[in-house]
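Here is how the chains run, residue by residue.
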Amino acid sequence: MPPSDSSPRPRRGSWLIAALVLALLILHQDNWFWLDGRLVFGFIPVGLFWHSCISLGAAGTWFLATKIAWPLDTPTDIPASAGAAASGKSESGQTGVSE
């Protein structure tokens, strides 16, 4: 049996998220709409509409990032007493050091 490689490998989803972020960074530089006076829906300047679409794209990208590229090895059920013990506090919020 071949030895197992314990080093983490980048997943394909991480590359997808990185590509989407790079695309959003490039598309955010909207030099082509700076002097355009057109209105979208009759009241929204085209530059503002473009940035609204970029914002929606960013929200979608970060949603995908949490679903696709989020690490799976994070602990999810840590008891409250374990977290307090690690910080040196008792369950009542008092520190264990006497004054």
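Just so it is clear, the model here is predicted, and its values are computed rather than measured. (Residues numbered from 1 in each chain as written. Predicted model: local features only at pLDDT ≥ 70, side-chain atom pairs only at ≥ 80, totals over all residues. Heavy atoms only, no water.)

**Some details on the side chain of Thr61**
You can see Thr61 is positioned in helix H2 (residues 46–68). Other than its neighbours up to four places away in sequence, Thr61 contacts Ile17, Leu20, Val21 and Leu24. (Helix = DSSP H or I, 4+ residues; strand = E, 2+ residues; numbered from the N terminus. Contact = heavy atoms within 4.5 Å.)

**As for the pattern of salt bridges**
This structure, assessed with the given rule, holds one salt bridge. Between Asp36 and Arg38 there is a salt bridge, with its nearest N and O atoms 2.6 Å apart. Taking the relative accessible area as the measure of exposure, Arg38 reaches 53% and is therefore exposed. (Salt bridge = Lys/Arg side-chain N within 4 Å of Asp/Glu carboxyl O. Buried < 20%, exposed > 50% of the residue type's maximum accessible area, 1.4 Å probe, protein only.)

**Quick notes on the environment of Pro45**
In this structure, Pro45 sits in strand E2 (residues 44–45). Sequence separation of Pro45 and Phe33 is twelve residues, and the distance between their C-alpha atoms is 9.3 Å. Residue contacts for Pro45: discarding those within four places in its chain leaves Arg38 and Leu39.

**Concerning the packing of helix H1 (residues 12–28) against H2**
At a minimum axis separation of 10 Å, H1 and H2 run at an interaxial angle of 165°. What the angle tells us is that H1 and H2 run roughly antiparallel. Between H1 and H2 the crossing geometry is left-handed. Contacts from Gly13, Leu16, Ile17, Leu20, Val21, Leu24, Leu27 and His28 in H1 reach Trp50, His51, Ile54, Gly57, Ala58, Thr61, Trp62, Leu64, Ala65 and Ile68 in H2. In terms of residue class, the contact of H1 with H2 is made up of 13 nonpolar, five polar and no charged. (Axes fitted to C-alpha atoms, helices over the stretch in contact; angles between N-to-C directions. Parallel < 35°, antiparallel > 145°, perpendicular 65-115°, else oblique. Left-handed = near helix turned anticlockwise from the far one by under 90°. Nonpolar A, V, L, I, M, F, W, Y, C, P; charged D, E, K, R; others polar.)

**Some remarks on unusual backbone geometry**
The backbone of Phe41 sits at a positive phi, close to 60°, despite the residue not being glycine. Judged by relative accessible area, which is 65%, Phe41 ranks as exposed.

**Observations concerning the packing of aromatic side chains**
Under the criterion given, the structure shown has four aromatic pairs. A ring pair is formed by Trp32 and Trp50, whose centres lie 5.9 Å apart and whose planes are at 80°; its orientation type is edge-to-face. In this pair, Trp32 sits in the loop between H1 and strand E1 (39–40) while Trp50 sits in helix H2, placing the two residues 18 residues apart along the sequence. Residue classification places Trp32 among the partly exposed residues on the basis of a relative accessible area of 48%. Members of the aromatic cluster, joined through ring pairs, are Trp32, Phe33 and Trp50. (Phe/Tyr/Trp six-rings, centres within 6.5 Å; stacked < 30°, edge-to-face > 60°.)

By themselves, these are just geometric observations and shouldn't be taken as functional.
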